[in-house]
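# Structural overview
Residues per chain are reported as follows:
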Amino acid sequence: MNYFNSTVLVEPTNICNLKCIMCEAKCTVEAGINEAEYLLPEQFEIILNKLDGHITNVVFQGDCEPTLSPYLEELVKCAKKHTEQIAIVTNGTALTQERIENLIEAGVTWFALSIDDYREDKYNQIRKYSDFRRLIRNLDYLIKVRNEKYPYLYLVTHKIVFHEDSTEDLLNYINYFYIKKGVNKITFAPLVESGSIEEKEWIVRRNLLENELIKKNIHINLKDFANYPYMSNYKYCGTALYFINHNGDFAPCGLHTRDHKIFGNLIEEELDDIKSKEIFNDFHEYWYNRNFLDTPPLICKDCYLLKSPYFRYCLDDSYQNAQNIFERNCVKE
């Protein structure tokens, strides 16, 4: 079977410094620093050498806050040996001016900051233990160094859309970050609650929002729902990535590692051995060959994305393919 190059999404640690009201991960600051684990640079070298030839870009994210890893700069340098495109998805609060400069010099070309509101009080309510003013200072510094020193730097803000967010709220968010601040891109994602995308009319709302902006001569693409760049010649379930957590576990995406549904471990196992496993081939044959008349592979069992109407849009495929996969709610046993 042919395999195609993909984004490598990397979780460098298992901890976070915030507790966000919508987060379903188990890595908040309240878990305690004594539980901290980190992906080491020498381990990452092993992983990337095994994936060499399959990497288009590297994104540091996962169920964590990547900037809490003391090894992040070294991990970025490891990634730079394999790709020129390196992104960090962060809540932005643990950054400093010195850390920003060090990460850029190490090879980071893309920063995506998760910022759920343009109003300080609202933002701080959503992200417990956060500091809106500190975050904005870090964003302002990123914009400054992009404009003055690193014109290739790409800056994104990402917002979760809550039920109570009005169209006016979203327009004000765009005005604050895209028009006034000057970030390169804004992405929105509908709220996920208990494994279900509740904002079922989000696509309609988003399209109406874009139309309102076009009338004001503001041409912005709000289609992308993820806050990091996927790069691939092909797609799996509407995305294109490999996910590696801080222990080296290897999976199609971060949703699987939460339940320990993985292909294997890239620190302990050879890639050829992982690729020979039924669970790996079952997954790739289904998505690579677009076998949408069949039931989804076992590793995708109970994935809320596949059950969501929003998924059909994200799949970005033919009408019939989107219908086929959505109608098959059961998976292989």
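Before any of the text, the structure's been laid out above.
First things first, this report covers the structure right here in the doc. The shown structure was predicted, so the numbers you read here are calculated from the model rather than taken from an experiment. (Residues numbered from 1 in each chain as written. Predicted model: local features only at pLDDT ≥ 70, side-chain atom pairs only at ≥ 80, totals over all residues. Heavy atoms only, no water.)

## Section: the overall build of the protein chain
For the protein chain, the count of helices and strands is 12 helices and 13 strands. Out of the 333 residues in the protein chain, the part that is buried amounts to 57%. For the protein chain, long-range pairs separated by at least 24 residues make up 70% of all intrachain contacts whose partners lie at least 6 apart in sequence. With the model as given, the accessible surface of the protein chain reaches about 15000 Å², and the carbon-plus-sulfur share is 47%. (Helix = DSSP H or I, 4+ residues; strand = E, 2+ residues; numbered from the N terminus. Buried < 20%, exposed > 50% of the residue type's maximum accessible area, 1.4 Å probe, protein only. Contact = heavy atoms within 4.5 Å. Areas by Shrake-Rupley, 256 points an atom, 1.4 Å probe, with all protein chains shown as cover.)

## Some thoughts on the sheet that holds strand 5 (residues 110-114)
The 9 strands are arranged 8-7-5-4-3-1-11-12-13 in an open sheet whose pairing can be described as mixed. Every other strand in the sheet has two partners, leaving strand 8 (185-190) and strand 13 (264-265) as the edge strands with one partner each. Note that strand 5 and strand 7 (residues 154-161) share 5 bridges and pair parallel. Counted as the bridge partner of F111 is L155 from strand 7. Against the sheet, helix 2 (residues 72-80) contacts strand 3 (55-60) and strand 4 (86-90), and its axis sits at roughly 170° relative to strand 3. (Pairing = 2+ DSSP bridges. Axes fitted to C-alpha atoms, helices over the stretch in contact; angles between N-to-C directions.)

## Focus on helix 2
Within helix 2, the full set of buried residues consists of L72, E73, L75, V76, C78 and A79. Against the buried residues of helix 2 lie helix 1 (41-51), strand 3, strand 4 and helix 3 (97-106).

## Some thoughts on the nonpolar core
In terms of nonpolar packing, the biggest core is built from 71 residues, with F44, F60, F188 and F250 touching the most fellow members. For this core, the leading source of residues is helix 5 (residues 132-148), giving 8 residues. Non-local contacts of F60, meaning those with residues more than four positions away in its chain, are made with V10, P12, F44, P66, L72, L75, V76, A79, I86, A87, I88 and V89. (Core = buried A, V, L, I, M, F, W, Y, C linked by side-chain atoms within 4.5 Å.)

## Observations regarding the environment of L306
Take L306: it is sitting in the loop between helix 10 (278-288) and helix 11 (309-315). With a relative accessible area of 8%, L306 lands in the buried category.

## Some points on the pattern of salt bridges
In this structure the tally under the stated criterion is 15 salt bridges. With a closest N to O distance of 3.4 Å, E74 and K77 form a salt bridge. Remark: K77 and E74 occur in helix 2; sequence separation between them is 3 residues, near one turn of the helix. The exposure class assigned to E74 is partly exposed, which follows from its relative accessible area of 39%. (Salt bridge = Lys/Arg side-chain N within 4 Å of Asp/Glu carboxyl O.)

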